[in-house]
Amino acid sequence: MKDLLRRWWLGLKKFLHSKDALVYLLFVLLATIMWFTNAFTTRREITIDIPITYTHIPDDYILTTPPYNHVRVRIEDEGIDLFRNRKRPYELTIDLTDYIHGEVGSFVIPMDEVRTVIVQQLAGDAGLVAFAPEILSGTYTRQHEKEVPVVYTGQIKPAAQYQ
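Residues numbered from 1 in each chain as written. Predicted model: local features only at pLDDT ≥ 70, side-chain atom pairs only at ≥ 80, totals over all residues. Heavy atoms only, no water.

Asker: Please clarify how the packing of aromatic side chains should be interpreted in this entry.
Answerer: Counted according to the given criterion, the structure contains four aromatic pairs. Note on Trp-35 and Phe-36: the rings are 5.0 Å apart at their centroids and 80° apart in plane angle, and the pair reads as edge-to-face. The class of Trp-35 is exposed, set by a relative accessible area of 54%. A relative accessible area of 39% places Phe-36 in the partly exposed class. (Phe/Tyr/Trp six-rings, centres within 6.5 Å; stacked < 30°, edge-to-face > 60°. Buried < 20%, exposed > 50% of the residue type's maximum accessible area, 1.4 Å probe, protein only.)

Asker: Would you explain helix 4 (residues 111-121) in this entry?
Answerer: Because an α-helix completes one turn every 3.6 residues, residues spaced three or four positions apart along the sequence face the same direction. Within helix 4 the residues assigned to the buried category are Met-111, Val-114, Ile-118 and Gln-121. With its buried residues spanning 85° around the axis, helix 4 presents them on a single face. Facing away from the buried side of helix 4 by more than 90 degrees, the exposed set consists of Asp-112 and Gln-120. Against the buried residues of helix 4 lie strand 1 (43-55), strand 3 (70-78), strand 4 (92-95), strand 5 (104-109), strand 6 (127-132) and strand 7 (136-142). (Helix = DSSP H or I, 4+ residues; strand = E, 2+ residues; numbered from the N terminus. Arc of directions from axis to C-beta. Contact = heavy atoms within 4.5 Å.)

Asker: Before we go on, may I ask you to explain the pattern of salt bridges in this structure?
Answerer: Two side chains bearing opposite charge may form a pair once their charged atoms approach each other closely. Counted by the stated rule, this structure contains five salt bridges. Where Asp-3 meets Arg-7, a salt bridge forms, and the shortest distance between an N and an O atom there is 3.9 Å. Of this pair, Asp-3 and Arg-7 both sit in helix 1 (residues 2-16), four residues apart, which is roughly one turn of the helix. Across the pair Arg-72 and Asp-49 runs a salt bridge, and its minimum N-O distance is 2.7 Å. A residue pair is termed long-range when its members are at least 10 positions apart, and Arg-72 in strand 3 and Asp-49 in strand 1 qualify at 23 residues. Residue classification places Asp-49 among the partly exposed positions, given a relative accessible area of 39%. (Salt bridge = Lys/Arg side-chain N within 4 Å of Asp/Glu carboxyl O.)

Asker: Quick question: what am I supposed to make of unusual backbone geometry here?
Answerer: Omega for the peptide link from Ala-132 to Pro-133 comes to 5°, which places this bond in the cis form. You can see Pro-133 is positioned in the loop between strand 6 and strand 7. One non-glycine residue, His-56, lies in positive phi territory at about 55°. Within the secondary structure layout, His-56 lies in the loop between strand 1 and strand 2 (61-65).

Asker: How do you make sense of the nonpolar core when you look at a structure like this?
Answerer: Note on soluble globular proteins: their nonpolar side chains tend to be buried together. Within the largest apolar cluster, 28 residues are counted, with the highest numbers of intra-cluster contacts made by Val-73, Ile-75, Ile-94, Leu-96, Ile-109, Val-114 and Leu-136. Of all the secondary structure elements, the ones that give two or more residues to this core are strand 1, strand 2, strand 3, strand 4, strand 5, helix 4, strand 6 and strand 7. Ranked by the residues each element gives to this core, the list is headed by strand 1, at five residues. When neighbours within four sequence positions are excluded, Val-73 is seen to be in contact with Ile-46, Thr-47, Ile-48, Ile-50, Ile-118, Leu-128, Ala-130 and Phe-131. (Core = buried A, V, L, I, M, F, W, Y, C linked by side-chain atoms within 4.5 Å.)

Purely spatial values, then, with no claim about function.
Take a look at the structure:
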């Protein structure tokens, strides 16, 4: 077995020092460069989930059917820019000040506004292919009681038999 390994190693060493090995490795390198060039210039699509943060909800209101907490976006771009778009931290902040009025109601957020914010965050010449959901809506109601945090400041001591 040792002799077989030694012969194999000497054969490999002889091949690697030959002219054929250099030509082979040169063409492998050239093919790899051509593959990467093709992969990074081809337009492709990816899907990204962008989290939604709702702001300016009055303290005495509660969302009874909360809207979606993320938007799924499909974008199209060239290879290397597509990787940049995938790694970017996206965020979508929606101000509910203009949408909450009255005791009880519902709101619908125009998707044109959402689309504009998303397109502004994209890098390069990325194109927005599609996004879901197609509508952001929710219902709200005014609370008649206020939720107050309760903090107990006493001590709890178990009875002697439980210590």
